[in-house]
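# Chain and residue survey
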Amino acid sequence: MQAIVETAFDAVYLISVITIGVLMIRGSKGDRQFRLFGWMAVVLGAGDSFHLIPRALALCTTGLENYTVPLGLGKWITSVTMTVFYVLLYYVWRQRYKITGQNGLTAAVYILSAVRVALCMMPQNQWLSAESPLSWGIYRNIPFALLGLLIILLFYRSAKEHNDRAFRWMWLTIVLSFGFYIPVVLWADTIPMIGMLMIPKTCAYVWTVLIGYFAMKKECR
């Protein structure tokens, strides 16, 4: 039952976000913020597919324990693409609210992203092992969480200042995604049921993508 439900959920998710991303790229009509948003959605779906497709194959065949290397490699790739996702979201914020300058802020985004990617590349993560160390899971997610917090604050403040109803809940979708993700990082290995929080986390990302899509449909007529 888990294999059927989880595989169906993941298939709907991947097809939906990639399709929405392509529609946004094609329908942005030269509006850079929505074109960036479309690429952001494609990066999200394409990156997650490297982990979710091997997971679906494992669940539907011989089990997760026999797919350690593909699953680990997929998590590795997804960790990097999720960082790219937030960098693109930062530029969506800049485009939407006509932000100029702010070189220090941009530097902070790139530094946090570079540290995150560098930590993900360290062999101590043991991505391809069945026993990846929790300590390195925490290390690599510290700059990622700080990057997410920065994006949350930027969208919260700007949407409020500009009375931007279309993006008024963008900050909340990111809060929810991290709120569901952090317990998985910390406790999923000892309490497997905690891993179920990845479902609402995924839903939060779908909400993020839909916010951009519906804003484009309204503003790019």
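Scroll up a little and you will see the structure.
What this report covers is the structure whose coordinates are included nearby. Quick caveat, the model's predicted, so the values are computed rather than measured.

## Focus: the side chain of T78
With respect to the helices and strands, T78 occurs in helix α3 (residues 68–96). From its side chain, T78 meets the backbone oxygen of G74 in a polar contact 2.8 Å long. Ignoring any residue separated from it by four or fewer positions in sequence, one finds T78 in contact with G47, D48 and H51.

## So, the packing of α3 against helix α5 (residues 134–161)
Packing of α3 against α5 leaves a shortest axis separation of 11 Å and a crossing angle of 20°. Between α3 and α5, the angle is such that the two are roughly parallel. Note on packing geometry: the crossing formed by α3 with α5 is left-handed. Two secondary-structure elements touch here, α3 through M82, T83, Y86, L89, Y90, V92 and W93 and α5 through F144, L147, I151, L154, F155, R157 and S158. A breakdown of the residues in the contact of α3 with α5 according to their chemical character gives eleven nonpolar, two polar and one charged.

## Notes on a positive patch on the surface
A cluster of basic residues, R165, R168, K218 and R221, forms a positive patch on the protein surface. Locating R168 in the fold gives a position in the loop between α5 and α6 (170–187).

## As for the pattern of salt bridges
Within the structure shown, the criterion is met by three salt bridges. Of the charged contacts in the structure, one is a salt bridge between R55 and E6, with a shortest N-O distance of 2.3 Å. With R55 in helix α2 (residues 32–60) and E6 in helix α1 (residues 2–27), the pair connects residues that are 49 residues apart, well separated along the chain. The exposure class of R55 is partly exposed, given its relative accessible area of 21%.

Rules behind the numbers
- Starting from 1, residues in each chain are numbered consecutively following that chain's sequence as written.
- Reporting of local features is limited, given that this is a predicted model, to residues whose pLDDT is at least 70; pairs of side-chain atoms are given and counted only at 80 or more, and all residues count toward the totals for whole chains, interfaces and linings.
- The side-chain numbers reported here are obtained from all heavy atoms of the structure, hydrogens and water having been left aside.
- Helix and strand assignments follow DSSP, with helices taken as H or I runs no shorter than four residues and strands as E runs no shorter than two, numbered in order from the N terminus.
- Here a polar contact is taken to be a pair of N or O atoms separated by no more than 3.5 Å, where protein atoms must pair a possible hydrogen donor with a possible acceptor and residues adjacent in sequence count only if both atoms sit in side chains.
- Any two residues whose heavy atoms approach within 4.5 Å at even a single point are treated as in contact.
- In this description, a line fitted to the C-alpha atoms serves as the axis of each element, helices being fitted only across the stretch in contact, and the angle between N-to-C directions of two axes falls anywhere from 0 to 180 degrees.
- Roughly parallel refers to an angle under 35 degrees, roughly antiparallel to one over 145, roughly perpendicular to one between 65 and 115, and oblique to any angle outside these ranges.
- Handedness of each helix crossing follows the sense of rotation of the near helix against the far helix: counterclockwise by less than a right angle gives left-handed, clockwise gives right-handed.
- Three residue categories are used. Nonpolar comprises Ala, Val, Leu, Ile, Met, Phe, Trp, Tyr, Cys and Pro, charged comprises Asp, Glu, Lys and Arg, and polar comprises the others, including Gly.
- Think of a patch as exposed residues, more than 30% relative accessible area, with no salt bridge, where like charges cluster within 9 Å and nonpolar side chains (Val, Leu, Ile, Met, Phe, Trp, Tyr) cluster within 5 Å.
- Every accessible area reported is derived by Shrake-Rupley at a probe size of 1.4 Å, with residue values counting cover from the shown protein chains alone.
- For this document, the term salt bridge refers to a Lys or Arg side-chain nitrogen within 4 Å of an Asp or Glu carboxyl oxygen.
- A residue counts as positive if it is Lys or Arg and as negative if it is Asp or Glu; His and the chain ends are not included.
- Charge positions come from single atoms, namely NZ of Lys, CZ of Arg, CG of Asp or CD of Glu.
- Per-residue accessibility, obtained with a 1.4 Å probe over protein chains only, is compared with the maximum for each type, and a residue is labelled buried under 20%, exposed over 50%, and partly exposed between these values.

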